[in-house]
Amino acid sequence: MKIAYLMNTYPMVSTTFIGREIAALEARGLDVDRFVIRRWTGALVDPADIAEAARADHLLEDGALRLVGGGLRETLTAPARVLTAARLCWRLWRAGGGAVRHVAYLLEAVALRRRLRQAPVDHLHAHFSTNAAAVAMMCRVLGGPSYSFTVHGPDELFDPEGNSLALKVEHAAFVACISHFCRSQCMIFAAPHTWDRLRIVHCGVRPGDYDTPAPATDLPPRRGGGRVVYVARLSQLKGGLVLMEAMERVARDHPDADLLILGDGEMRGPMEDAARAAGLSDRVHFLGFQARDAVRAAMADADMLVLPSFAEGVPVVLMEAMASRRPVIASQIAGVAELVEDGVSGHVIPAGDARTLADRMTLLLSDADLRARMGEAGRARVAAEFDIDTEAAWLARLIEGAANGTLPEGLRPQE
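This report concerns the structure included in the present document. Quantities reported herein were computed from a predicted structural model and do not represent experimental measurements.

1. Section: the overall build of the protein chain
Summing up its helical and strand segments, the protein chain has 15 helices and 13 strands in all. Seen along its three principal axes, the alpha-carbon backbone of the protein chain occupies a region of about 70 × 45 × 35 Å. In the protein chain, which comprises 415 residues, the share counted as buried stands at 55%. Of the contacts formed within the protein chain by residues at least 6 apart in sequence, a portion of 72% connects residues at least 24 apart.

Structure follows, in structure tokens:
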């Protein structure tokens, strides 16, 4: 079966989970083309991401004149379909956003449709419900294949009406929601007769990949105490300043504990300032974005992973830490509790609560047996519910059903 994936910007350092999903589908025998609206301008550090970038077809690299010319040719050859797509474009524009942006989506849909005439696919799947889903929807009414899309959150769900979420669900064959929480949020805005299309497909990891991590040769030496790791884009959403405050509290009882920060972003400067102000510069290490092997090595070397975010979907980095048999501490938001069982595989804490975060970090640093028990429980949870091969098998069934016009039963594969 030949399918296509459509993403806005791919690959990026934060989209490893998409590449993992595509690879798992290909391992099942599906032929997957990659279409991307715009190329990411940042530096890629992982060899797998670099290889993915080379395989992707970037629609905007056609250039404005070619995109407009393609739109005019499509209007002459298929005026009724273009008119239908233009009406959808108008509805998207009226819901939120500028006219120029939405006309660009229409021209991108035309460019994608013309490519798919040359190399037909059975189904198109988009990641995220924003512009990629809009382009997939208009490509469909232009005569393209059935489409589906994955909803992740959190920002996709900040303005679902402005994002025309209900309209995109209406035209989709199915929607992959990454958690029950995510599905419930979609149900608020989607028409009830479309709820059966809202299925749950977890992001996932391959647990065995974390059994033998690469040696941690480039990590800072331990100070003699415990080690905490934080892996994230350093954005306001990820709660980095809360972690700095908590680390200052932890240092009172565990002065030799240190913190590894893997990631980069606009909050790096403020976090570095906070670490200096708290006297933590010698125990908080900013390592920037790292390749997958380096992330696995850092997790294997750490005693726990913390992620005090203000908004999330279901963070894949938590799955990676749990697969590495490391306890995790994360905010009680969105679908996190569907992955982390409080007191069993880690701790789920109130978002923004630095005192509770510090208390839980101190507890885990003080009890190696508790860390080991939680680590084993987390590994079992990921293996049971978040194995990428199981999730890819379920997604493949949904895609095949969409292409054939009959979706399989159940929200999840075991149902």
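Past the structure itself, the notes keep going.
2. Focus: the sheet that holds strand β13 (residues 346-349)
The six strands are arranged β10-β9-β8-β11-β12-β13 in an open sheet whose pairing can be described as parallel. The strands lining the two open edges of the sheet, one partner per strand, are β10 (284-288) and β13. Averaged over all neighbouring strand pairs, the angle between strand axes comes to 20 degrees, with direction disregarded. Here strand β8 (residues 227-231) pairs with strand β11 (residues 304-307) via two bridges, running parallel. Bridge assignment links V228 to a residue of β11, and that residue is M304.

3. Topic: the nonpolar core
By size, the foremost hydrophobic cluster in this structure holds 130 residues, and its most contacted members are L6, F149, Y230, L305 and M361. Here this core gets nine residues from one element, more than from any other, and that element is helix α6 (residues 131-141). For F149, the residues in contact, after removing those within four places along its chain, are H125, A126, F128, S129, A133, L165, K168, V169, A172, F174, V175 and A176.

4. A short note on the state of the cysteines
Counted according to the given criterion, the structure contains zero disulfides. Counting only cysteine sulfurs, C139 is the nearest neighbor of C89, a cysteine outside any disulfide, at a range of 14 Å. Distance from the sulfur of C186, which forms no disulfide, to the nearest cysteine sulfur (C177) is 4.2 Å.

5. Examining the packing of helix α9 (residues 240-253) against helix α10 (residues 268-277)
Between α9 and α10, whose axes approach to 9 Å, the crossing angle comes to 10 degrees. With respect to α10, the axis of α9 lies roughly parallel. As for how α9 packs across α10, the hand of that crossing is right-handed. Taken together, the residues of α10 that come into contact with α9 (itself represented by G240, L241 and M244) are P270, M271, A274 and A275. A breakdown of the residues in the contact of α9 with α10 according to their chemical character gives six nonpolar, one polar and no charged.

6. Focus: the pattern of salt bridges
Across all of its chains, the model carries 35 salt bridges by this definition. The shortest N-O distance in the salt bridge between E52 and R34 comes to 2.9 Å. Taken as a pair, E52 in helix α2 (residues 47-55) and R34 in strand β2 (residues 31-38) lie far apart in primary sequence, 18 residues in all. Given the relative accessible area of 4%, R34 is considered buried. Across the salt bridge formed by E312 and K238, the nearest N and O atoms sit 2.7 Å from each other. In this pair, E312 is assigned in the loop between β11 and α12 (316-323) and K238 in the loop between β8 and α9, connecting sequence segments 74 residues apart. In the salt-bridge network here, residues are joined through shared partners; they are E26, R34, E52 and R55.

7. Considering helix α14 (residues 368-385)
Here α14 contains 18 residues, and its C-alpha end-to-end distance of 26 Å stays within 8% of the 26 Å for a straight helix at 1.5 Å per residue. Regarding α14, the residues found buried are L370, R371, M374, G375, G378, R379 and V382. Buried residues in α14, looked at end-on, bunch into an arc of 165 degrees, giving them a common side. Exposed and oriented more than 90 degrees from the buried face of α14 are D369, R373 and A384. Along its buried surface, α14 packs onto α12, β13 and α13 (354-366). Two or three places before D369, at the start of α14, stands the capping residue D367, its side-chain oxygen 3.2 Å from that residue's backbone nitrogen.

8. Considerations on the sheet that holds strand β3 (residues 57-58)
Read from one edge to the other, the open sheet built from seven strands follows the order β3-β2-β1-β4-β5-β6-β7, with strand pairing classed as parallel. Every other strand in the sheet has two partners, leaving β3 and β7 (198-200) as the edge strands with one partner each. Strand direction decides the pairing type here: strand β1 (residues 2-9) and β2, joined by seven bridges, are parallel. Bridging across to β2, Y5 finds its partner in R34. Most of the contacts of helix α1 (residues 16-27) go to β1, to which it runs at about 175 degrees, and overall it touches β1, β2 and β4 (123-127). On top of the sheet, helix α5 (residues 99-118) reaches β1, β2, β3 and β4; it is set at about 155 degrees to β2, its chief contact.

9. With respect to the pairing of β13
Along β13, one buried face is formed by G346 and V348 and the opposite face, lined by H347 and I349, is buried too. Examined bridge by bridge, strand β12 (residues 328-331) and β13 share four bridges and lie parallel to one another. In the sheet register, S331 faces β13, and the bridge partner there is I349.

10. Some details on helix α8 (residues 180-189)
Taken residue by residue, α8 has C182, R183 and C186 as its buried positions. All buried residues of α8 lie within an arc of 100 degrees about the axis, which places them on one face of the element. Of the surrounding secondary structure, the elements contacted by the buried residues of α8 are β5 (146-151), α7 (165-171), β6 (174-177) and β7.

Conventions we followed
Residues numbered from 1 in each chain as written. Predicted model: local features only at pLDDT ≥ 70, side-chain atom pairs only at ≥ 80, totals over all residues. Heavy atoms only, no water. Helix = DSSP H or I, 4+ residues; strand = E, 2+ residues; numbered from the N terminus. Buried < 20%, exposed > 50% of the residue type's maximum accessible area, 1.4 Å probe, protein only. Contact = heavy atoms within 4.5 Å. Pairing = 2+ DSSP bridges. Axes fitted to C-alpha atoms, helices over the stretch in contact; angles between N-to-C directions. Core = buried A, V, L, I, M, F, W, Y, C linked by side-chain atoms within 4.5 Å. Disulfide = S-S within 2.5 Å. Parallel < 35°, antiparallel > 145°, perpendicular 65-115°, else oblique. Left-handed = near helix turned anticlockwise from the far one by under 90°. Nonpolar A, V, L, I, M, F, W, Y, C, P; charged D, E, K, R; others polar. Salt bridge = Lys/Arg side-chain N within 4 Å of Asp/Glu carboxyl O. Expected span 1.5 Å × (residues − 1). Arc of directions from axis to C-beta. Polar contact = N/O pair within 3.5 Å; in protein donor to acceptor, adjacent residues only side chain to side chain.

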